[in-house]
Amino acid sequence: MNEHLSFYIDGKWVQPEGRQTLDVINPATEEPFARIALGTAADVDSAVAAAKRAFPSYSRTSRKERLDLLGSVLDAYKKRIDDIAEAISQEMGAPMTLAKQAQAAAGVGHISRGIEVLKTMEFEELINNTLVVREPIGVVGLITPWNWPLNQITCKVAPALGTGCTMVLKPSEVSPISAIVFAEIMHEAGVPAGVFNLVNGDGPTVGAAISSHPDIDMVSFTGSTRAGILVAKAAADTVKRVHQELGGKSPNIILDDADFEAAITHGAKGCFNNSGQSCNAPTRLLVPRARQDEVAAIAKRIAEATIVGDPRSADTVIGPVVSEVQFNRIQDLIDAGIKEGARLVTGGLGRPEGLNRGYYVRPTVFADVTNDMRIAREEIFGPVLSILPYESEEEAISIANDTIYGLSSYVTSGDPERARRIAREIRAGMVHINGSRGDNAAPFGGYKQSGNGREWGRYGFEDYLEVKSMFGYQSAGQAA
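This structure is a prediction, so every number in the text was calculated from the model and none was measured. (Residues numbered from 1 in each chain as written. Predicted model: local features only at pLDDT ≥ 70, side-chain atom pairs only at ≥ 80, totals over all residues. Heavy atoms only, no water.)

### Details of the overall build of the protein chain
- Check the secondary structure of the protein chain and you find 15 helices and 23 strands.
- Whereas a compact globule of 480 residues would reach a radius of gyration of roughly 23 Å, the protein chain reaches 23 Å, a difference of no more than 12%.
- For the protein chain, the spread of C-alpha atoms along the principal axes amounts to about 70 × 60 × 40 Å.
- Every one of the 480 residues in the protein chain was classed for burial, and the buried ones make up 57%.
- Considering only contacts within the protein chain whose residues lie at least 6 apart along the sequence, 73% involve residues at least 24 apart.
- Between the centroid of the 48 positive side chains of the protein chain and the centroid of its 59 negative side chains there is a distance of 2 Å. (Helix = DSSP H or I, 4+ residues; strand = E, 2+ residues; numbered from the N terminus. Rg over C-alpha atoms; globule rule 2.2 N^0.38 Å. Buried < 20%, exposed > 50% of the residue type's maximum accessible area, 1.4 Å probe, protein only. Contact = heavy atoms within 4.5 Å. Lys, Arg positive; Asp, Glu negative; His and termini not counted. Charge placed at Lys NZ, Arg CZ, Asp CG, Glu CD.)

### Notes on the pattern of salt bridges
- On inspection of all chains with the given rule, the structure shows 34 salt bridges.
- One network of salt bridges, in which partners are shared, links Asp-256, Asp-257, Glu-393, Arg-418 and Arg-421. (Salt bridge = Lys/Arg side-chain N within 4 Å of Asp/Glu carboxyl O.)

### Observations concerning the sheet that holds strand 1 (residues 2-4)
- Strand order in the open sheet formed by three strands is 1-5-4, with mixed pairing between adjacent strands. A single partner strand is all that each edge strand has here, and the edge strands are strand 1 and strand 4 (21-26). For this sheet, the mean inter-axis angle between neighbouring strands, taken without regard to orientation, is 30°.
- Across three bridges, strand 1 lies against strand 5 (residues 31-37) in parallel orientation. Looking across to strand 5, one finds that Asn-2 is bridged to Ala-34.
- Most of the contacts of helix 3 (residues 81-92) go to strand 4, to which it runs at about 95°, and overall it touches strand 4 and strand 5. (Pairing = 2+ DSSP bridges. Axes fitted to C-alpha atoms, helices over the stretch in contact; angles between N-to-C directions.)

### Points about the side chain of Thr-265
- Structurally, the position occupied by Thr-265 is in helix 9 (residues 260-272).
- Among the polar contacts made by the side chain of Thr-265, one reaches the main-chain carbonyl oxygen of Glu-261 at a distance of 2.6 Å.
- Setting aside residues no more than four positions away along its own chain, Thr-265 makes contact with Phe-260, Ile-298 and Ile-302. (Polar contact = N/O pair within 3.5 Å; in protein donor to acceptor, adjacent residues only side chain to side chain.)

### Details of the layout of surface pockets
- Taken as a whole, the second largest pocket spans an internal volume of roughly 260 Å³.
- For the lining of the second largest pocket, the secondary structure elements donating two or more residues are helix 2 (63-79) and strand 7 (130-136).
- In terms of residue count, the dominant contributor to the lining of the second largest pocket is strand 7 (five residues).
- Of the residues contributing to the lining of the second largest pocket, the split by class is six nonpolar, four polar and five charged. (1 Å grid on protein atoms, 1.4 Å probe; cavity = no way out; pocket = protein on both sides within 12 Å on 5 of 7 lines; lining within 4 Å. Points joined across faces, edges and corners; volume = space filled by probe spheres on them. Nonpolar A, V, L, I, M, F, W, Y, C, P; charged D, E, K, R; others polar.)

### Quick notes on the state of the cysteines
- Tallied over the entire structure, the rule returns zero disulfides.
- Cys-165 takes part in no disulfide bond, and the closest cysteine sulfur, belonging to Cys-155, lies 15 Å away.
- Left without a disulfide partner, Cys-271 is nearest to the cysteine sulfur of Cys-279, which lies 13 Å away.
- Take Cys-271: its relative accessible area is 0%, and that puts it in the buried class. (Disulfide = S-S within 2.5 Å.)

### Some points on the packing of helix 3 against helix 4 (residues 96-120)
- The interhelical angle for the contact between helix 3 and helix 4, taken along N-to-C directions, is 120°, at an axis separation of 8 Å. With respect to helix 4, the axis of helix 3 lies oblique. Like other packed secondary-structure pairs, helix 3 and helix 4 cross with a definite hand, here right-handed. Residues Ile-81, Asp-82, Ile-84, Ala-85, Glu-86, Ile-88, Ser-89 and Met-92 of helix 3 touch helix 4, and the partners they reach there are Met-96, Ala-99, Lys-100, Gln-103, Ala-104, Ala-105 and Val-108.
- For the contact of helix 3 with helix 4, a count of residues per class yields 10 nonpolar, two polar and three charged. (Parallel < 35°, antiparallel > 145°, perpendicular 65-115°, else oblique. Left-handed = near helix turned anticlockwise from the far one by under 90°.)

### Quick word on helix 5 (residues 149-163)
- With 15 residues, helix 5 should cover 21 Å at 1.5 Å per step; its first-to-last C-alpha distance of 22 Å lies within 8% of that length.
- For helix 5, a buried count of 15 out of 15 residues is recorded, marking the element as mostly surrounded by other parts of the structure. (Expected span 1.5 Å × (residues − 1).)

### Thoughts on unusual backbone geometry
- The phi dihedral of Asn-274 is positive, around 60°, even though this residue is not glycine.
- Here Asn-274 is to be found in the loop between helix 9 and strand 14 (284-288).
- Positioned with a positive phi, Lys-448 is a non-glycine residue whose angle comes to about 50°.
- Relative to the helices and strands, Lys-448 is located in strand 21 (residues 447-448).
- The class of Lys-448 is partly exposed, set by a relative accessible area of 40%.

### Re the sheet that holds strand 7
- Taking strand neighbours across the sheet as the criterion, the three strands line up as 6-7-23 in an open arrangement whose pairing is antiparallel. Two strands close off the open sheet at either side, each with one partner strand: strand 6 (124-127) and strand 23 (465-470). Each strand of the sheet is rotated relative to its neighbour by a mean of 20°, with strand direction disregarded.
- Examined bridge by bridge, strand 6 and strand 7 share four bridges and lie antiparallel to one another.

### A look at a nonpolar patch on the surface
- A contiguous nonpolar patch, built from Ile-338, Leu-344 and Leu-349 and spanning about 220 Å² of accessible area, is present on the exposed surface.
- Locating Leu-349 in the fold gives a position in the loop between strand 15 (343-346) and strand 16 (364-367). (Patch = residues over 30% accessible without salt bridge, like charges linked within 9 Å, V, L, I, M, F, W, Y side chains within 5 Å. Areas by Shrake-Rupley, 256 points an atom, 1.4 Å probe, with all protein chains shown as cover.)

### Here's the deal with the environment of Arg-418
- Mapped onto the secondary structure, Arg-418 falls in helix 14 (residues 416-425).
- For Arg-418, a relative accessible area of 15% puts it in the buried group.
- A C-alpha to C-alpha distance of 9.1 Å links Arg-418 and Leu-255, two positions 163 residues apart in sequence.
- The residues touching Arg-418, leaving out its near neighbours within four places in the chain, are Leu-255, Asp-256, Asp-257, Glu-393 and Ser-413.
- Side chain to side chain, Arg-418 and Asp-257 meet in a polar contact 3.2 Å long.

### Quick notes on the side chain of Asn-371
- Tracing the sequence through the fold places Asn-371 in the loop between strand 16 and helix 12 (374-377).
- On the basis of relative accessibility, which here comes to 11%, the residue Asn-371 falls in the buried class.
- Polar contacts involving the side chain of Asn-371 include one to the main-chain carbonyl oxygen of Asp-402, which spans 2.9 Å.
- Filtering out sequence-adjacent residues up to four positions away, Asn-371 remains in contact with Arg-284, Ala-376, Arg-377, Leu-388, Ile-399 and Asp-402.

Set out below in structure tokens:
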């Protein structure tokens, strides 16, 4: 078993202050494959102090210097893409194809996008005689989840580096190995000492210490809404900025003039992808009531064709869910769906046939779901699709918006203008029209209890900047 018992602080690997360790479990085997040290508040203090020391010089670097640094990070990242994919697959169960082509590749996309944004980002603006400048906010704490580990690390680190911030990263203790590889990448790329620091640990200890630390100027958190509330409360006493990308329960409205075969196939695959462990997954499928049985038959076929198995097998479509805790939560919610009267179309409780070990979940489809059921209201974070019938467009929009969440949404119609009109009515930070993919140049984030602030592209830079007005910077008699 590999041991990773040090933290990356001030440009070097250092021993932790405490002695507590944690085994990292491979969800496909239920066996530990690595061991990490768990940090303490004292380790956070050391990392924050290093970031604080590094901030004055790094915040004054030129655009070119930061572009060169991001370019070096990108080059180093590409060299380690296989190592990243291997780590992600082992720690959270993603099939190797998904781990390399989507999970690890997302990091290339976000770093590359950060470079493009930095090339043209305007950091100064003259308004009358006032110079308005956007300056790096300071030391930032980055708390990232296990479901898309490098996607979330890179979409936070790239804008932090690009704006001139220094940082302390706490990855999920469930998926820490890919983050350790990323710290090695940052070191190889020549990131100055103290600019990037990594402390492993759990939320109640390291996460809380980062959130409440008086020398951290901003926290960017991705995770559950429950945990996001705790982060915000811990941060309140120091009045630091808190950016949150939280849970979702995304509606997928299929209108009566859509190509049902294509739309349901796309939606069901999107729900099951990554074993359902995506905050923006289209888990609530809203369809005309008269066509629900047709929809259920298509979804059933897709679910039963979804091969669940060993992440190392080339045939595997989805691997296990990340942990025993997650497996048990999904089983509880499937059981709740059955007991509350939803019609189980396929899947259900227990592991798929032939899989007796590993946290594997059967791709599950429910029909006749009403929006008051737990499976329609709670974020399941597993391969579970709920079909909700509606009678009219107005009812579909009402059901879509009847949720505490507002991260993503989907609408499909044979009439693009009709789809656009419905999209404007949905209370969510993102709408995918007619099967469109996301765009990392556009903002990612949600309404309501799905969080606040935005990531990706230019919008992703803005949370890392403070705005300063220099009144009288240019007197009325001076030339522009």
